[in-house]
Amino acid sequence: MTKETWFVGIGGGVLVMFTIGIMSNFIPMCNYTGIDTPKAIFLMGITFFVAMPASVIWGIIDERLGSRKTCVIMFVYFIISVIFALIPNPVMMIIAIVMFASVMGGSNNLAISMTASVWGRYDFDSAWTVVFILNTLARSFGFTLVGSLAAVTGSFTTTFIGLIICSAIGAVLMLLCSKKPLGRTDLYMNESEITGA
């Protein structure tokens with residue numbers, strides 16, 4: 001496995017980890033910032049209407065700037081949304097929720113897109129088999145990070161700070177990925193042509 005396998009597998013998993021962690025703790029998180037349960041349920045219901053068009057927008061950004069830059073932008077965007085959530089105010093939390101929902105619309109797609117951009121369409125299947133396992137392991141920590149930290153500390157503030165740290169690590173992992181495609185750009189390329197040997 002190359003270092004990019006680890007970077008894309010873990011970095012892409014961290015993106016999805018956020019959405020899993022936040023959505024699984026959505027109502028208690030809202031309650032913590034002063035939003036009552038009925039309103040929190042309503043807000044949870046409308047996240048879909050934000051996520052759906054946001055998925056298209058992130059796809060356009062990906063096409064224009066490339067997957068690597070788009071992943072870094074998403075991590076930075078997520079950090080900003082968490083900073084809003086850190087402000088103990090219902091209005092700030094609603095802004096953060098809209099931003100969280102828009103991340104949810106694109107995060108699932110970017111790990112796949114990043115894998116394709118690094119290994120190419122012809123080696124995608126081989127690479128994705130391994131990347132997906134790492135991706136799944138990383139994102140499974142979403143429940144633990146968001147729920148457990150809040151349960152232990154009695155506050156979502158620690159959780160939000162943890163998310164910022166993880167997001168910064170994810171952005172660095174994506175920046176460390178090779179800009180040069182590692183897989184075949186042509187179906188009939190051999191290994192020596194890929195490596196330049």
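Below is a summary of the structure that appears in this document.

Reading guide: rules and limits
- Residues numbered from 1 in each chain as written.
- Predicted model: local features only at pLDDT ≥ 70, side-chain atom pairs only at ≥ 80, totals over all residues.
- Heavy atoms only, no water.
- Helix = DSSP H or I, 4+ residues; strand = E, 2+ residues; numbered from the N terminus.
- Expected span 1.5 Å × (residues − 1).
- Buried < 20%, exposed > 50% of the residue type's maximum accessible area, 1.4 Å probe, protein only.
- 1 Å grid on protein atoms, 1.4 Å probe; cavity = no way out; pocket = protein on both sides within 12 Å on 5 of 7 lines; lining within 4 Å.
- Points joined across faces, edges and corners; volume = space filled by probe spheres on them.
- Nonpolar A, V, L, I, M, F, W, Y, C, P; charged D, E, K, R; others polar.
- Phe/Tyr/Trp six-rings, centres within 6.5 Å; stacked < 30°, edge-to-face > 60°.
- Core = buried A, V, L, I, M, F, W, Y, C linked by side-chain atoms within 4.5 Å.
- Contact = heavy atoms within 4.5 Å.
- Patch = residues over 30% accessible without salt bridge, like charges linked within 9 Å, V, L, I, M, F, W, Y side chains within 5 Å.
- Areas by Shrake-Rupley, 256 points an atom, 1.4 Å probe, with all protein chains shown as cover.
- Salt bridge = Lys/Arg side-chain N within 4 Å of Asp/Glu carboxyl O.
- Disulfide = S-S within 2.5 Å.

1. Some thoughts on helix H1 (residues 3-24)
With 22 residues, H1 ought to run about 32 Å at 1.5 Å a step, and its terminal C-alpha atoms sit 31 Å apart, in line with that. Buried residues dominate H1, accounting for 16 of its 22 residues.

2. Quick word on empty space enclosed by the protein
Taken as a whole and assessed by the stated rule, the structure comprises 1 cavity of 30 Å³ or more. Empty space within the largest cavity amounts to approximately 50 Å³. Every residue lining the largest cavity is listed: Phe-18, Thr-19, Ile-22, Met-23, Phe-26, Thr-47, Phe-78, Ile-97, Phe-100, Ala-101 and Met-104. Of all the elements in the fold, those that place two or more residues in the lining of the largest cavity are H1 and helix H5 (90-139). Of the residues that constitute the lining of the largest cavity, the class distribution is 9 nonpolar, 2 polar and no charged.

3. Notes on the packing of aromatic side chains
For the structure shown, the criterion picks out 9 aromatic pairs. Ring plane angle 80 degrees and centroid distance 5.6 Å describe the contact between Trp-58 and Tyr-77, whose orientation is recorded as edge-to-face. Of this pair, Trp-58 sits in helix H3 (residues 37-65) while Tyr-77 sits in helix H4 (residues 67-86), placing them 19 residues apart in sequence. A connected cluster of aromatic rings, assembled from ring pairs, spans Phe-18, Phe-75, Phe-78 and Phe-100.

4. Overview of the nonpolar core
Grouped together as the largest cluster of nonpolar side chains are 43 residues, with contacts concentrated most on Met-29, Phe-78, Phe-100 and Leu-163. Elements that contribute at least two residues to this core include exactly H1, helix H2 (26-32), H3, H4, H5, helix H6 (141-153) and helix H7 (156-175). With 11 residues, H5 is the largest single contributor of residues to this core. With near-sequence residues (within four places) excluded, Phe-100 lies in contact with Ile-22, Met-29, Phe-78, Ser-81, Val-82, Ala-85 and Met-93.

5. Describing the layout of surface pockets
Here the second largest pocket is characterised by a volume of approximately 160 Å³. Of all elements in the fold, only H4 and H5 reach the threshold of two or more residues within the lining of the second largest pocket. In the lining of the second largest pocket, the residues fall into 4 nonpolar, 4 polar and 4 charged.

6. Quick look at a nonpolar patch on the surface
A cluster of nonpolar residues, Phe-42, Ile-46, Phe-48, Phe-49 and Met-52, forms a patch on the protein surface that exposes about 550 Å² of accessible area. For Phe-49, a relative accessible area of 57% translates into the label exposed.

7. As for the state of the cysteines
Under the defined criterion, the tally for this structure stands at 0 disulfides. Counting only cysteine sulfurs, Cys-177 is the nearest neighbor of Cys-71, a cysteine outside any disulfide, at a range of 8.2 Å. On the basis of relative accessibility, which here comes to 3%, the residue Cys-177 falls in the buried class.

8. Let's talk about H4
Between its terminal C-alpha atoms H4 stretches 29 Å, which fits the 28 Å expected from 20 residues at 1.5 Å a residue. Burial in H4 covers these residues: Ser-67, Arg-68, Thr-70, Cys-71, Val-72, Met-74, Phe-75, Phe-78, Ile-79, Ser-81, Val-82 and Ala-85. Looking at the buried residues of H4, the elements they touch are H1, H3, H5 and H7.

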